[in-house]
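Structural description and commentary
In case you want the letters, here they are:
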Amino acid sequence: MDSSSATRGSRGRREATRQKLFDAAVTLIAEQGYSATTVDEIAERAGVAKGTVYYNFASKAVLFEELLRHGVGLLTASLRQAAESAVRTSGRRVDALDAMVRAGLEYIDRYPAFTQLYVAELWRTNRAWQSTLLVVRQEAVAVVEGVLRDGVARGEFSAEIDVPLTAAALVGMVLVAALDWKSFQSERSLDEVHAALSRLLQGRVSGVS
């Protein structure tokens, strides 16, 4: 095996270990809170030695901060891919917004524990990672803002809309509706939830075209 192959293999194993630690941390912290969760528990849940946690992350706080970056980064990427695909297909920015609603629901369906954690942390102000959380949150919202601004420039959306507030409202709508779905209306399918939010997005709730 050449050195480049060995390097890729080592990198792949480290990423797999980090993913195990992320999964273990988010599950435990969602279950019992950040303060009550120990590094020993994270290591045990991940199936690795305690030293492995500190090899990959300097502390539990660093692990959690990187967890936020990782999780919101996945969400941001899925929103961007959904929007770009929809624009290529139909050319309509409202379809891009609708595709992002769908992508957000799919993400939350796949990572409900992380979503609960993320929403809870948004309301806290005394965390060392608060500035990181605000940055990664803005990266996700910025994807929606970009589609809205593009739609305004093309005349698809009203020039009177408040782009930053509208983008935040759309992201918030998906987060809250999805958490309510997972917690209280789990018998509903993803298609049903998406259809309801799509009607809101496209102004079809009143039945007036």
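You'll find the structure just up there.
Structure report, in brief. Worth saying up front: this structure is predicted, and the values here are computed from it rather than measured. (Residues numbered from 1 in each chain as written. Predicted model: local features only at pLDDT ≥ 70, side-chain atom pairs only at ≥ 80, totals over all residues. Heavy atoms only, no water.)

1. A few points about the overall build of the chain
In terms of regular secondary structure, the chain is built from 9 helices and 0 strands. The N-to-C order of helical and strand elements in the chain reads α-α-α-α-α-α-α-α-α. With the C-alpha coordinates of the chain rotated into their principal frame, the extents come out at 60 × 45 × 35 Å. Scored against the burial criterion, the 209 residues of the chain give a buried share of 38%. Considering only contacts within the chain whose residues lie at least 6 apart along the sequence, 65% involve residues at least 24 apart. Accessible area of the chain: about 11,500 Å², with a carbon and sulfur share of 52%. (Helix = DSSP H or I, 4+ residues; strand = E, 2+ residues; numbered from the N terminus. Buried < 20%, exposed > 50% of the residue type's maximum accessible area, 1.4 Å probe, protein only. Contact = heavy atoms within 4.5 Å. Areas by Shrake-Rupley, 256 points an atom, 1.4 Å probe, with all protein chains shown as cover.)

2. Concerning the packing of aromatic side chains
The tally for this structure, following the rule as stated, stands at 7 aromatic pairs. Between Tyr34 and Phe64, the ring centres sit 5.4 Å apart and the planes meet at 55°, which makes this aromatic pair tilted. Pair noted here: Tyr34 is in the loop between helix 1 (3-32) and helix 2 (39-46) and Phe64 is in helix 4 (residues 60-90), with a separation of 30 residues, a long-range link. Taking the relative accessible area as the measure of exposure, Tyr34 reaches 13% and is therefore buried. Look at Phe64 and you get buried, because its relative accessible area is 1%. Between the aromatic rings of Tyr34 and Trp129, the centroid separation amounts to 4.8 Å while the plane-to-plane angle is 70°, which identifies the pairing as edge-to-face. (Phe/Tyr/Trp six-rings, centres within 6.5 Å; stacked < 30°, edge-to-face > 60°.)

3. Regarding helix 4
Taking 1.5 Å of rise per residue, the 31 residues of helix 4 would be expected to cover 45 Å, and the 45 Å separating its terminal C-alpha atoms lies within 8% of that figure. Following helix 4 by one or two positions, Gly91 adopts a phi angle in the positive range, close to 80°. (Expected span 1.5 Å × (residues − 1).)

4. Here we look at the environment of Leu134
With respect to the helices and strands, Leu134 occurs in helix 7 (residues 130-153). According to the relative accessible area criterion, Leu134 is partly exposed, its value standing at 48%. Between the C-alpha atoms of Leu134 and Leu122, which are 12 residues apart in sequence, the distance is 8.0 Å.

5. Regarding the side chain of Thr115
Locating Thr115 in the fold gives a position in helix 6 (residues 112-122). Note on Thr115: relative accessible area 2%, which makes it buried. With sequence-adjacent residues up to four places away left out, Thr115 is seen in contact with Tyr107, Ile108, Leu175 and Leu179.

6. Thoughts on the pattern of salt bridges
All chains considered together, the criterion is met by 11 salt bridges. Here Glu156 ties to Arg93 by a salt bridge, and the two come within 4.0 Å at their closest N and O atoms. Of this pair, Glu156 sits in the loop between helix 7 and helix 8 (163-184) while Arg93 sits in helix 5 (residues 93-110); the two residues are 63 residues apart in sequence, bridging distant segments of the chain. Look at Glu156 and you get partly exposed, because its relative accessible area is 34%. Overall, the relative accessible area of 8% leaves Arg93 in the buried class. A salt bridge links Arg102 to Glu106, with the shortest nitrogen-to-oxygen separation between them at 3.1 Å. Of the two residues, Arg102 and Glu106 are both situated in helix 5; the distance of 4 residues between them amounts to about one turn of the helix. (Salt bridge = Lys/Arg side-chain N within 4 Å of Asp/Glu carboxyl O.)

7. Some details on the environment of Leu117
In this fold, Leu117 is placed in helix 6. For the pair formed by Leu117 and Ser78, sequence separation is 39 residues and the distance between their alpha carbons is 19 Å. Ignoring any residue separated from it by four or fewer positions in sequence, one finds Leu117 in contact with Val26, Ile29, Ala30, Phe64 and Leu67.

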